[in-house]
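One-letter residues, chain by chain:
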Amino acid sequence: FARNYVKNQLRQKPQGKHLLFYKMRRFDLSPEILEEAIDGSGEIEEKELAQEAADRWFLKNQKVPKEKIYERLGRHLMSRGFPWEAVKQVLEEFTKIPKC
């Protein structure tokens, strides 16, 4: 059940391990089962998922002023359960790309 839940959640929208763990706690499963389901799914490459979430966010928020993109996108990715290291890498790559 736990592995299928993780796969289904990732199909719907990209999210980090922290958010998946938090969502799955409501099913009263042991933490070991939750960790195994999340790590065992093999689909969670947090950097790639964070990049996908950033791309989706930017498509919906193109009118955000350039000086606010770093802050708002970072907050959005952190709220999706991505670790700071993945968020920082995505933000660094995202802000390097010139926006026209």
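Residues numbered from 1 in each chain as written. Predicted model: local features only at pLDDT ≥ 70, side-chain atom pairs only at ≥ 80, totals over all residues. Heavy atoms only, no water.

Peer 1: What is the right way to look at the overall build of the protein in this model?
Peer 2: A count of helices and strands for the protein gives 6 helices and 0 strands. Here the C-alpha coordinates of the protein stretch approximately 45 × 20 × 20 Å along the principal axes. The buried share of the protein, reckoned over its 100 residues, is 37%. Here the protein has roughly 6700 Å² of accessible surface; of this, 50% comes from carbon and sulfur atoms. (Helix = DSSP H or I, 4+ residues; strand = E, 2+ residues; numbered from the N terminus. Buried < 20%, exposed > 50% of the residue type's maximum accessible area, 1.4 Å probe, protein only. Areas by Shrake-Rupley, 256 points an atom, 1.4 Å probe, with all protein chains shown as cover.)

Peer 1: Would you explain the packing of helix 2 (residues 17–24) against helix 3 (residues 31–40) in this entry?
Peer 2: A pair of packed helices is characterised by two quantities: the angle between their axes and the separation of those axes. Contact geometry for helix 2 and helix 3: axes closest at 10 Å, N-to-C directions at 135°. Comparing the axis directions of helix 2 and helix 3 gives the class oblique. Taken as a pair, helix 2 and helix 3 cross one another with a handedness that is right-handed. Mapping the contact onto sequence places Lys17, Leu20, Phe21 and Met24 in helix 2 and Pro31, Leu34, Glu35, Ala37, Ile38 and Asp39 in helix 3. Across the contact of helix 2 with helix 3, the residue classes tally to 7 nonpolar, no polar and 3 charged. (Axes fitted to C-alpha atoms, helices over the stretch in contact; angles between N-to-C directions. Parallel < 35°, antiparallel > 145°, perpendicular 65-115°, else oblique. Left-handed = near helix turned anticlockwise from the far one by under 90°. Contact = heavy atoms within 4.5 Å. Nonpolar A, V, L, I, M, F, W, Y, C, P; charged D, E, K, R; others polar.)

Peer 1: What is the right way to read the nonpolar core from this model?
Peer 2: The tendency in soluble globular proteins is for nonpolar side chains to be buried side by side. One finds Val6, Met24, Leu73, Leu77 and Phe82 to be the most contacted residues of the largest nonpolar core, which totals 24 residues. Looking at this core element by element, the count peaks at 6 residues for helix 4 (residues 46–60). Among all residues touching leucine 73, those that are not within four sequence positions of it are Ala54, Trp57, Leu91 and Phe94. (Core = buried A, V, L, I, M, F, W, Y, C linked by side-chain atoms within 4.5 Å.)

Peer 1: Just to check I follow, could you spell out unusual backbone geometry for this structure?
Peer 2: With the exception of glycine, most residues fall at negative phi, and the peptide bonds are largely trans. You will see that aspartate 28, though not glycine, has its phi angle at about 55°, which is positive. Of note, aspartate 28 is situated in the loop between helix 2 and helix 3. By relative accessible area, which is 72% here, aspartate 28 ends up exposed.

Peer 1: It is not clear to me how a nonpolar patch on the surface should be interpreted in this structure. Could you clarify?
Peer 2: A surface patch of nonpolar side chains, amounting to about 310 Å² of accessible area, comprises Tyr70, Met78 and Trp84. Among the structural elements, tryptophan 84 can be located in helix 6 (residues 84–96). Classification of tryptophan 84 by relative accessible area gives partly exposed; the value is 42%. (Patch = residues over 30% accessible without salt bridge, like charges linked within 9 Å, V, L, I, M, F, W, Y side chains within 5 Å. Salt bridge = Lys/Arg side-chain N within 4 Å of Asp/Glu carboxyl O.)

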